[in-house]
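Geometric and topological summary
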Protein chains: 2
Amino acid sequence: MPRTSRKRGGRHARQEREQATAPAVTPFITRKIPEYVLLDEEGLSLIEDNADTILQEIGIEYHYPPALKLFKQAGADVKGELVRFPKGLCRKIIQDSAPRTFEQKARNPARNVMIGGKSTVFAPVYGPPFVRDLDKGRRYAMIEDFRNLVKLTWMLPSLHHSGGTVCEPTDLPVNKRHFDMVYSHIKYSDKPFMGSVTHPQRAQDTVDMCKILFGEEFVDQNTVVINLINANSPMTFDETMLGASEVYARNNQASIISPFILSGAMSPVAAAGTMAQILAEALTGMAFTQLVRPGCPVIFGTFSSSMSMQSGAPTFGTPEPALVINGCAALARRLGVPFRSGGSLCGSKITDAQAAYESANTLLPTIMAGVNFVLHAAGWLEGGLSSSYEKLIMDADQLGMMQVFAAGTDLSENGQALSAIREVGPGQHFLGCSHTQENFKTAFYRSSIADNNSFEQWQLEGSHDATVRANKIWKQMLNDYQPPQLDPAIDEALLEFIAKRKASFADSNI
Amino acid sequence: MPRTSRKRGGRHARQEREQATAPAVTPFITRKIPEYVLLDEEGLSLIEDNADTILQEIGIEYHYPPALKLFKQAGADVKGELVRFPKGLCRKIIQDSAPRTFEQKARNPARNVMIGGKSTVFAPVYGPPFVRDLDKGRRYAMIEDFRNLVKLTWMLPSLHHSGGTVCEPTDLPVNKRHFDMVYSHIKYSDKPFMGSVTHPQRAQDTVDMCKILFGEEFVDQNTVVINLINANSPMTFDETMLGASEVYARNNQASIISPFILSGAMSPVAAAGTMAQILAEALTGMAFTQLVRPGCPVIFGTFSSSMSMQSGAPTFGTPEPALVINGCAALARRLGVPFRSGGSLCGSKITDAQAAYESANTLLPTIMAGVNFVLHAAGWLEGGLSSSYEKLIMDADQLGMMQVFAAGTDLSENGQALSAIREVGPGQHFLGCSHTQENFKTAFYRSSIADNNSFEQWQLEGSHDATVRANKIWKQMLNDYQPPQLDPAIDEALLEFIAKRKASFADSNI
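Here goes a summary of the coordinates provided. Values in this document were obtained by computation on a predicted structure and should not be read as measured data.

Side note on the overall build of chain A
Scanning chain A for helices and strands turns up 19 helices and 20 strands. A compact globule built from 510 residues should have a C-alpha radius of gyration of about 24 Å, and chain A, at 24 Å, falls within 12% of that. On the principal axes, the C-alpha backbone points of chain A span a range of 75 × 60 × 45 Å. For chain A, buried positions account for 64% of its 510 residues. Contacts in chain A between residues at least 24 apart in sequence constitute 77% of all its contacts with a sequence separation of at least 6. Summing over all exposed atoms, chain A offers an accessible surface of approximately 17300 Å²; the carbon and sulfur share of this is 52%. Computing the positive centroid from 49 side-chain charges and the negative centroid from 53, chain A places the two 5 Å apart.

Quick look at the pattern of salt bridges
Scanning all chains against the criterion turns up 50 salt bridges over all chains. Salt-bridge contacts for A:Asp145 lead to A:Arg139; the nearest nitrogen and oxygen are separated by 3.2 Å. Among the ionic pairs, B:Lys502 bridges to B:Asp180, the shortest N-O distance being 2.7 Å. Of this pair, B:Lys502 sits in helix H19 (residues 488-503) while B:Asp180 is found in helix H6 (residues 177-188), placing the two residues 322 residues apart along the sequence. Given the relative accessible area of 24%, B:Lys502 is considered partly exposed. Here B:Asp180 falls in the buried class, since its relative accessible area comes to 16%. Through salt bridges with shared partners, a single network forms among A:Glu41, A:Glu48, A:Arg91 and A:Arg334.

A short note on the side chain of A:Ser308
Residue and element names in this part refer to chain A. With respect to the element layout, Ser308 can be found in the loop between strand S15 (303-307) and strand S16 (314-315). Of note is the side chain of Ser308, whose polar atom sits 3.1 Å from the backbone nitrogen of Ser311. Dropping the residues within four chain positions of it, Ser308 is found in contact with Ala313 and Thr315.

A few points about the relation of the copies chain A and chain B
When chain A is fitted to chain B, the residual RMSD is 0.0 Å, and the transformation amounts to a turn of 180 degrees plus an axial shift of 0.0 Å. The operation mapping one copy onto its partner corresponds to a two-fold rotation axis. Considering only C-alpha atoms, the residue of chain A closest to the rotation axis is A:Ala353, which sits at 2.2 Å. Comparing contact sets, 99% of the residues at the interface of chain A also lie at the interface in chain B, consistent with an isologous, same-surface contact.

A short note on the sheet that holds strand S3 (residues 77-79) of chain A
Residues and elements named next belong to chain A. On the basis of which strands lie adjacent, the open sheet formed by 4 strands has the order S3-S4-S2-S12 and mixed pairing. Edge strands, defined here as strands with exactly one partner in the open sheet, are S3 and strand S12 (236-237). Of the pairings in the sheet, the one linking strand S2 (residues 60-62) to S12 comprises 2 bridges and is parallel in character. Directly across from Tyr62, in S12, lies its bridge partner Phe237.

Digging into helix H10 (residues 271-292) of chain B
With 22 residues, H10(B) should cover 32 Å at 1.5 Å per step; its first-to-last C-alpha distance of 32 Å lies within 8% of that length. When you tally the buried positions in H10(B), you get 20 out of 22 residues, the bulk of the element.

Looking at unusual backbone geometry
Apart from glycine, the bulk of residues carry a negative phi angle, and the bulk of peptide bonds sit in the trans form. Cis geometry is found at the peptide bond from A:Ser233 to A:Pro234, where omega equals 5 degrees. In this fold, A:Pro234 is placed in the loop between strand S11 (225-231) and S12. Positioned with a positive phi, A:Met235 is a non-glycine residue whose angle comes to about 60 degrees. Positionally, A:Met235 belongs in the loop between S11 and S12. Since its relative accessible area comes to 0%, A:Met235 is described here as buried. With phi around 55 degrees, B:Ser463 is a residue other than glycine that occupies positive phi space. Secondary-structure assignment places B:Ser463 in the loop between helix H17 (455-460) and helix H18 (466-480).

Section: the packing of helix H12 (residues 353-369) of chain A against helix H12 (residues 353-369) of chain B
Describing two packed helices takes the angle between their axes plus the distance from one axis to the other. Between H12(A) and H12(B), whose axes approach to 8 Å, the crossing angle comes to 35 degrees. As H12(A) packs across H12(B), the resulting crossing turns out to be right-handed. Note on element contacts: H12(B) touches H12(A) through B:Ala353, B:Ala356, B:Tyr357, B:Ser359, B:Ala360, B:Asn361, B:Leu364, B:Pro365 and B:Met368, opposite A:Ala353, A:Ala356, A:Tyr357, A:Ser359, A:Ala360, A:Asn361, A:Leu364, A:Pro365 and A:Met368. Split into classes, the residues belonging to the contact of H12(A) with H12(B) amount to 14 nonpolar, 4 polar and no charged.

A closer look at the packing of aromatic side chains
Overall, the coordinates contain 33 aromatic pairs over all chains when judged by the stated rule. Measuring from ring centre to ring centre gives 6.3 Å for A:Tyr64 and A:Phe288, while their planes differ by 80 degrees; the resulting arrangement is edge-to-face. Of this pair, A:Tyr64 sits in the loop between S2 and helix H3 (65-74) while A:Phe288 sits in helix H10 (residues 271-292), and the two are 224 residues apart along the sequence. The pair A:Tyr64 / A:Phe288 is uniform in exposure class, with both members buried. Measuring from ring centre to ring centre gives 4.4 Å for A:Tyr389 and A:Trp474, while their planes differ by 45 degrees; the resulting arrangement is tilted. Within this pair, whereas A:Tyr389 is found in helix H13 (residues 389-407), its partner A:Trp474 is found in helix H18 (residues 466-480), the two being separated by 85 residues in sequence. Overall, the relative accessible area of 8% leaves A:Trp474 in the buried class. Positioned above the aromatic ring of B:Tyr188 is the side chain of B:Lys151, whose terminal nitrogen or guanidinium carbon lies 5.1 Å from the ring centre. B:Lys176 extends its terminal NZ or CZ atom over the ring of B:Phe505, reaching a point 5.0 Å from the ring centre.

Re the interface of chain A and chain B
Contacts between the two partners involve 115 residues from chain A and, on the opposite side, 114 residues from chain B. Of the roughly 9200 Å² buried at the junction of chain A and chain B (both faces included), carbon and sulfur atoms supply 69%. Looking only at chain A, the three residues that lose the most surface to chain B are A:Tyr36, A:Tyr357 and A:Phe444, adding up to 9% of its buried area. Across the chain A-chain B interface, the total number found is 6 salt bridges. Here A:Lys349 and B:Asp451 are joined by a salt bridge, their closest N and O atoms 2.9 Å apart. Across the contact surface, chain A and chain B share 34 residue pairs in polar contact (both at pLDDT 80 or more). In terms of residues, the side of chain A that touches chain B owes the most to one element, H12(A), which gives 11 residues. Taken together, the residues that form the side of chain A that touches chain B break down as 59 nonpolar, 37 polar and 19 charged.

A look at the environment of A:Ile212
Residues and elements named next belong to chain A. By secondary structure assignment, the location of Ile212 is in helix H7 (residues 200-214). Overall, the relative accessible area of 25% leaves Ile212 in the partly exposed class. It is 6.7 Å that separates the C-alpha atoms of Ile212 and Ile490, two residues lying 278 residues apart in sequence. Excluding its chain neighbours within four sequence positions, the residues that come into contact with Ile212 are Ile490, Ala493, Leu494 and Phe497.

A few points about helix H11 (residues 319-335) of chain A
With 17 residues, H11(A) should cover 24 Å at 1.5 Å per step; its first-to-last C-alpha distance of 25 Å lies within 8% of that length. Just downstream of H11(A), A:Gly336 is the residue with a positive phi angle, here 95 degrees.

Thresholds applied
- Residues numbered from 1 in each chain as written.
- Chains lettered and ligands numbered in written order.
- Predicted model: local features only at pLDDT ≥ 70, side-chain atom pairs only at ≥ 80, totals over all residues.
- Heavy atoms only, no water.
- Helix = DSSP H or I, 4+ residues; strand = E, 2+ residues; numbered from the N terminus.
- Rg over C-alpha atoms; globule rule 2.2 N^0.38 Å.
- Buried < 20%, exposed > 50% of the residue type's maximum accessible area, 1.4 Å probe, protein only.
- Contact = heavy atoms within 4.5 Å.
- Areas by Shrake-Rupley, 256 points an atom, 1.4 Å probe, with all protein chains shown as cover.
- Lys, Arg positive; Asp, Glu negative; His and termini not counted.
- Charge placed at Lys NZ, Arg CZ, Asp CG, Glu CD.
- Salt bridge = Lys/Arg side-chain N within 4 Å of Asp/Glu carboxyl O.
- Polar contact = N/O pair within 3.5 Å; in protein donor to acceptor, adjacent residues only side chain to side chain.
- Least-squares fit on C-alpha atoms with pLDDT ≥ 70 in both.
- Pairing = 2+ DSSP bridges.
- Expected span 1.5 Å × (residues − 1).
- Axes fitted to C-alpha atoms, helices over the stretch in contact; angles between N-to-C directions.
- Left-handed = near helix turned anticlockwise from the far one by under 90°.
- Nonpolar A, V, L, I, M, F, W, Y, C, P; charged D, E, K, R; others polar.
- Phe/Tyr/Trp six-rings, centres within 6.5 Å; stacked < 30°, edge-to-face > 60°.
- Lys NZ or Arg CZ within 6 Å of the ring centre and 35° of its normal.
- Buried area = accessible area lost by both parts, 1.4 Å probe.

See the structure below:
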């Protein structure tokens, strides 16, 4: 890309363009409300004991020799690929070095996010091979969709994070698409993002691109990329994911160690048993990262859902996963590490009432449990098989509401509003009183999607449902989109790196 | 109605018919999870102090001379219709006599409900002048709709209560429709129900019909009807509602004293101020019932929502009312009375994603706050202007999920499921293991509405949304409906009473 083409109008004009579309900066949520904890001390201890029993008696399979070596050195009992851990070993390794909270740097420092403690960060859907929108229906995702979803996510202020595989760009070869994905996050957004985990070399490519963007030393001293490392539940980790995690840990980058659980298939059909297994798996994966590089950032993650025992299909928004999210969040706090779970999950194929009920039934328990990093917070449809343009917009509206909820009740004099009650008195209305005049602009969350008009007005305007309104919004947004400024020298260096790397090996879809 | 017509097939055949359609009896939810409390001791005390200030300095207007007289006798400062209360007076009156919990009797004792403490009771939507269904759209509600909604509510096991004005039967005269409403609840359901509050005489008619159903002495000694008494917020109670409440209190029947709040119109645009006002209003209304008859059951209620400060339209499912519900539930527990609030509220005109998001955003905070009596728990649409057949079915499914959530995590040996984890081991699946075999039938909540099939299967079956599926369900249910048995002598006596009363005064729509 010629450097000059980015310079039309000079710096000032660029800034003006940016201000026109850049989202307001509330880089992440700082929860002022307490966490909702469903289990008591006794219940949480019981689950911790059971996790210890799993680690000690049953063990975890590690299909990755370097991990077996590290665990043996640390004092675990390694037999073939099965690793059994003395009681408390993983916990000690983690608590000795893993940070309780850490900051992920964005290329725009105003968008740095804190991960852990009272902070909550929302990231969009991760992984779908399909996309869906109201105009073109469901189809295989392309890199153009990927770019669109990154752009929209950047423009939505309630999404704090650009995410990772917002959809699979199926028009690009599997072994090279990570370059285009990481580049898109860097180019079309200035929010923090996630890296490739599908091969250790792709993880290294991600780190190398980050070094071009942030500088080599900065990357070694700071966390600039977060990465999703799934366990092969039950009780198994594979080479691909661990290899990627090792690359990131060695480079001081963050891994989310996430048991991926559909209860009934990958874990028992019981919440307490599922939680013990998740904790056991996550403990070992997190310990692995600390053995690779003590002090590197790591997140206790879980993706938890149930399945239909009739059809074997995954189900979402049911009460059982809400219990698991809540319990695991409390277990992570006791351990002293950040926690990832939840999202706006649903099984519906379209953005109908099922999608919304199920998403809300996942998102609200997520917020109330105090989850720190929320992947799939917007755009998830069809059990994660589709990224939905309309749902991204709808969910982002819900995330805005969660931000207000998490701020809790304002108990200041203005929040107490006794002056208003005194001024208005019995039988009158508050519409015109001074307190209302002073506060009405920020008083209530204003939904971008909800239609609160009268039935007659709504009918007059075409009887649209929420999906139709969301469709209009994302199209207008893409139309208005202006990219955030990226140093042309960096842009050029990234493109050069990508071109060189892509040319160095053949395309493959494995 | 001829007595013999009810006797076809004899008692045994009747019982068989009943069993065919009668819902499983889980008469109400006993929450095993803790309440989520957003405000701390200091915050709750501050709001209580502010409520005292409102009562002491500003006062409440009572447009009802008998109330003014009672309050004066109790030590309040009465000037015209304005009543100011010495600090702590209302609280003392309530705490001296109001029950912390009480049982509402149903004509089928298996359906009696506990109100208060750890119990939660779900009742359907109350008040809409319109109904909506997928086939006929939106239209004025008729008595036929009322009967249908009572029948469906009876058949839905997650609804514990038959409710009251499930829709307004607009084809009947205003001054006589209460007879048909109360009769429908008695005749077509055996769940507990609500009485008329639109005139003291209509309250008396309700009590008289209850006496026919339950017996005179039984009614005096037991609570058989719950009644919704709205305050004319801000800080005003009117003659109609108070007169009805007085009738019920005198007869030992329950009043829900409910400030009806759209923040911004009836209260300040701030949650803490709104809570103080709600508490002040509810305290006086509850105290009134205890002055009428010490010890009669009373519920601290509130209907709380916000409004669009742009259009003045009420809004639902936004975060601010969730804060108010949570705070008021905690205030009610501190006072020591049952609490009513929440529901499945929404502003959408149709059962789309907006309706579902908003409803879930009201219902989940309701459950987590530990609300005891949840009116509008199912069927509410369009800001309460429409009762929706489809939404009744959809919401009832959600209520079933809340029941599972409220049961919390099973920490028994079976819930811990270590045997399953031992049996399965690393890398295998849990589908066929003994624990799964033993538990799969009850392991996970099974939604009646959700489609969890593959995209292809869903498409093959017609690409239906949740509304279409709900439409099929309620039609099948009405088709299958068989009424619960009612003693023909009682039925005859009720019909006789109604006919006599209806003939004794002219129809009127006031």
